[in-house]
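Given next are the chains, with one letter for each unit.
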Amino acid sequence: MYSISYMEGFAMFRTLIKRALGYLTKENVPEEHSSVLRYELTIIRFTPDPVQRTSTLSSGPAAATWIGAPLDTDCFIEASVNEGKYSLGDFYLWCSGEYAVARIGEHRSHHASHPHNTFAIGKTITFKDDDGSLYTPSNELVLPRELALSAMRAWLIDLKHPSFLRWS
């Protein structure tokens, strides 16, 4: 039977810890243990033909800047935020002309509506979904485009439901 002294055991333990700490440098930390946020963005523009742009960024302000203000008549924007292998939520924005629909997906879907119920639309607005199919939401979910884009940018920065809209 082989036995080791206390000092040999301690030296082996110290070596093991040094190897473990040396391995867990920033480059070697497994993704599921990483606390770095990752912002995955997609903009699909439908005019004149569908064109998709994607980007992955590491900060909310950079993601909000990348989104910019798409001027296309029809577009779909998706922003997903992940920490390691865990999703912190998604923000979906459908745009059609001067109108938009905003939805946050977390543990369930949260639809945005105008906070004062003063925004009235006299017609039915149709949007294009990410696959180009048509999406016609109820009119109470339709927002002014700039307000919805502002909500997306605000969410990207702090990952909270922007308080200037009402959320279901």
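Just so we're clear, the structure is a prediction, and the values are computed from it rather than from any experiment. All residue numbers refer to positions counted from 1 along the written sequence of the respective chain. Totals for whole chains, interfaces and linings use every residue, but because this is a predicted model, local features are given only for residues with pLDDT of at least 70 and side-chain atom pairs only at 80 or more, for both listing and counting. To get the side-chain values, take all heavy atoms of the structure and skip hydrogens and water.

Concerning the overall build of the protein
Inference 1: We count a stretch as a helix when DSSP gives it H or I for four or more residues in a row; a strand needs E for two or more, and each element gets its number in order from the N terminus. When helices and strands are counted, the protein shows three helices and ten strands.
Inference 2: Of the regular secondary structure in the protein, the N- to C-terminal order runs α-β-β-α-β-β-β-β-β-β-β-α-β.
Inference 3: Any pair of residues with heavy atoms lying within 4.5 Å of one another is described as a contacting pair. Within the protein, residue pairs in contact and separated by at least 24 positions form 58% of the contacts whose partners lie at least 6 positions apart.
Inference 4: Element-wise, carbon and sulfur atoms account for 55% of the exposed surface of the protein, whose accessible area totals about 10100 Å². For accessible areas, the Shrake-Rupley method is used with a probe of radius 1.4 Å. Any residue's cover is judged against the shown protein chains and nothing else.

Details of the packing of helix α2 (residues 60-67) against helix α3 (residues 145-158)
Two quantities define a packed helix pair, namely the angle between the axes and the distance from one axis to the other.
Inference 1: Contact geometry of α2 with α3 gives a least axis separation of 7 Å together with a crossing angle of 155°. As judged from the angle between their axes, α2 and α3 are roughly antiparallel. Both α2 and α3 take part in a crossing whose hand is right-handed. Contacts between α2 and α3 involve Gly60, Pro61, Ala63, Ala64 and Ile67 from the first element and Leu149, Met152, Arg153, Leu156 and Ile157 from the second.
Inference 2: Note that Gly is not counted as nonpolar here; it falls among the polar residues with everything else outside the nonpolar set of Ala, Val, Leu, Ile, Met, Phe, Trp, Tyr, Cys and Pro and the charged set of Asp, Glu, Lys and Arg. In the contact of α2 with α3, the residues fall into eight nonpolar, one polar and one charged. Each axis is a line fitted through C-alpha atoms, and for a helix only the stretch in contact is used; angles between axes span 0 to 180 degrees, taken between their N-to-C directions. The labels follow the angle: roughly parallel below 35 degrees, roughly antiparallel above 145, roughly perpendicular from 65 to 115, and oblique for the rest. Take the far helix as the reference: if the near one is turned anticlockwise from it by less than a right angle, the crossing is left-handed, and if turned clockwise, right-handed.

Observations regarding the side chain of His110
Inference 1: As for its position among the elements, His110 is in strand β6 (residues 109-113).
Inference 2: In this structure His110 touches Ala102, Arg103, Ile104, His161, Trp167 and Ser168, once residues within four positions along its chain are discounted.

Focus: the environment of Leu57
Inference 1: Within the element layout of this structure, Leu57 appears in strand β2 (residues 51-57).
Inference 2: To sort residues, take the accessible area from a 1.4 Å probe on protein chains only and compare it with the maximum for the residue type: under 20% means buried, over 50% means exposed, and anything in between is partly exposed. A residue is classified by how much of its surface remains accessible, and Leu57, at 22% relative accessible area, is partly exposed.
Inference 3: Residues Leu57 and Arg38, spaced 19 residues apart in sequence, show a C-alpha to C-alpha distance of 6.0 Å.
Inference 4: Leaving out residues up to four positions away in the same chain, Leu57 has contacts with Leu37, Arg38, Tyr39, Leu41, Ala62, Ala63 and Trp66.

Looking at the side chain of Arg145
Inference 1: With respect to the secondary-structure elements, Arg145 resides in helix α3.
Inference 2: In contact with Arg145, other than residues within four places in its own chain, are Pro70, Leu71, Asp72, Thr73, Cys75, Cys95, Ser96, Gly97, Glu98, Tyr99 and Ala100.

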